[in-house]
Amino acid sequence: MTSSSLGAGAPSFLLLGFSRTAWGALALPLPLGSIGIPGGCSLLASGQAKLAAVTNGSGTRVDTFTVPNLPTLRGLQIYLQTLALSGPGLAATNGFAVR
């Protein structure tokens, strides 16, 4: 998975979750400005797992995953979104789903 246009050398987090409608008590999508984070972005994926990385010099990060061929994973939908520090706020990618 490639996330781009995040800002060069920016600390970033890839969120992987099981929902795009709620993260605990928070309803998604959640406009991050509503909790005091500037940037005009919204949180679109719950974050049951978070992977931290620093973007490269062009503001891109690449994540590679291997999914085991297990019957228990068939039909499982995962929601993903990358967030990165950007000046006083956050930059965010579009959220997307993988099945």
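Going by the structure above, here's the rest.
Note that the structure is a prediction, hence the values are computed from the model and not measured.

### Digging into the pairing of strand β2 (residues 11–17)
- In terms of residue burial, β2 counts as a mostly covered element, since 5 of its 7 residues are buried.
- Here β2 runs beside strand β9 (residues 78–86); their pairing, made up of 6 bridges, is antiparallel. Paired with leucine 14 across the two strands is threonine 82, which belongs to β9.

### Regarding the pattern of salt bridges
- Enumeration according to the criterion identifies 1 salt bridge in this entry.
- The salt bridge involving aspartate 63 is made with arginine 61; its shortest N-O contact spans 2.8 Å. Exposure class is identical for aspartate 63 and arginine 61. Each is buried.

Reading the values: the criteria
Residues numbered from 1 in each chain as written. Predicted model: local features only at pLDDT ≥ 70, side-chain atom pairs only at ≥ 80, totals over all residues. Heavy atoms only, no water. Buried < 20%, exposed > 50% of the residue type's maximum accessible area, 1.4 Å probe, protein only. Helix = DSSP H or I, 4+ residues; strand = E, 2+ residues; numbered from the N terminus. Pairing = 2+ DSSP bridges. Salt bridge = Lys/Arg side-chain N within 4 Å of Asp/Glu carboxyl O.

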